[in-house]
Amino acid sequence: METKDKMRCPFVYKGGKRCEGHVTRVKAFGPSLDDGIYVKKVRVWCSLKDNHEGTASTWESKERMEFYPDKLPADIHHPVLALFDRGEREIIL
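Residues numbered from 1 in each chain as written. Predicted model: local features only at pLDDT ≥ 70, side-chain atom pairs only at ≥ 80, totals over all residues. Heavy atoms only, no water.

(A) Broad picture of the pattern of salt bridges. Per the counting criterion, the structure on display carries 4 salt bridges. The partner of Glu20 in a salt bridge is Arg8, with the nearest N and O atoms 3.5 Å apart. Note that Glu20 is positioned in the segment before strand E1 (23–29) and Arg8 in the segment before E1, a separation of 12 residues in sequence. Classification of Glu20 by relative accessible area gives exposed; the value is 59%. Across the pair Lys41 and Glu66 runs a salt bridge, and its minimum N-O distance is 3.2 Å. Of this pair, Lys41 sits in strand E4 (residues 41–46) while Glu66 sits in strand E5 (residues 66–67), placing them 25 residues apart in sequence. (Salt bridge = Lys/Arg side-chain N within 4 Å of Asp/Glu carboxyl O. Helix = DSSP H or I, 4+ residues; strand = E, 2+ residues; numbered from the N terminus. Buried < 20%, exposed > 50% of the residue type's maximum accessible area, 1.4 Å probe, protein only.)

Written out as structure tokens, the structure reads:
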């Protein structure tokens, strides 16, 4: 994946600054159906801080890197969900 095609990390620090990293891994959580995966939640990992553990409380860090599909940040919403159209549960980018 070329630099221009990389999805920017969605993590936002308490001060409002967005992480400069990019998404390196995406995992879907939800049941498998006959026609693919029903995605209930999506978790992403960052090239700079992995899951941003230790940046905030454990729960807060998890909450900033795990999303319901309709709550994914706009700039990564379509690319992330398109990856799961392949029927894979976890994708390393």
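(B) Main features of the pairing of E4. Judged by how many residues are buried, E4 sits mostly within the fold: 5 of 6 residues are covered. Sheet analysis places E1 next to E4, joined by 6 bridges and oriented antiparallel. Counterpart to Arg25 in the pairing with E4 is Trp45. Summarising the sheet, E4 and E5 pair through 2 bridges and their orientation is antiparallel. When the bridges of E5 are listed, Val42 appears paired with Phe67. (Pairing = 2+ DSSP bridges.)

(C) Spatial organisation of the pairing of E1. With 3 bridges joining them, E1 and strand E6 (residues 90–92) adopt antiparallel strand pairing. Opposite Arg25, over in E6, you have Ile92 as the bridge partner.

(D) Structural detail: the packing of aromatic side chains. Tallying each qualifying case throughout the model produces 1 aromatic pair. On the basis of an interplanar angle of 75° and a centroid distance of 5.1 Å, the ring pair of Phe11 and Tyr13 is categorised as edge-to-face. A residue is classified by how much of its surface remains accessible, and Phe11, at 0% relative accessible area, is buried. Over the ring of Trp45 we find Arg25; its NZ or CZ atom is 3.8 Å from the centre of that ring. When the ring centre of Tyr68 is taken as origin, the NZ or CZ atom of Lys41, which lies over that ring, is 4.8 Å away. (Phe/Tyr/Trp six-rings, centres within 6.5 Å; stacked < 30°, edge-to-face > 60°. Lys NZ or Arg CZ within 6 Å of the ring centre and 35° of its normal.)

(E) Main features of the confidence of the model for the chain. Here the chain averages 80 in pLDDT, and 81% of its residues register 70 or above. For the chain, helix H1 (residues 58–65) is the element with the lowest average pLDDT, namely 63, and E4 is the one with the highest, namely 91. (pLDDT = per-residue confidence, 0-100.)

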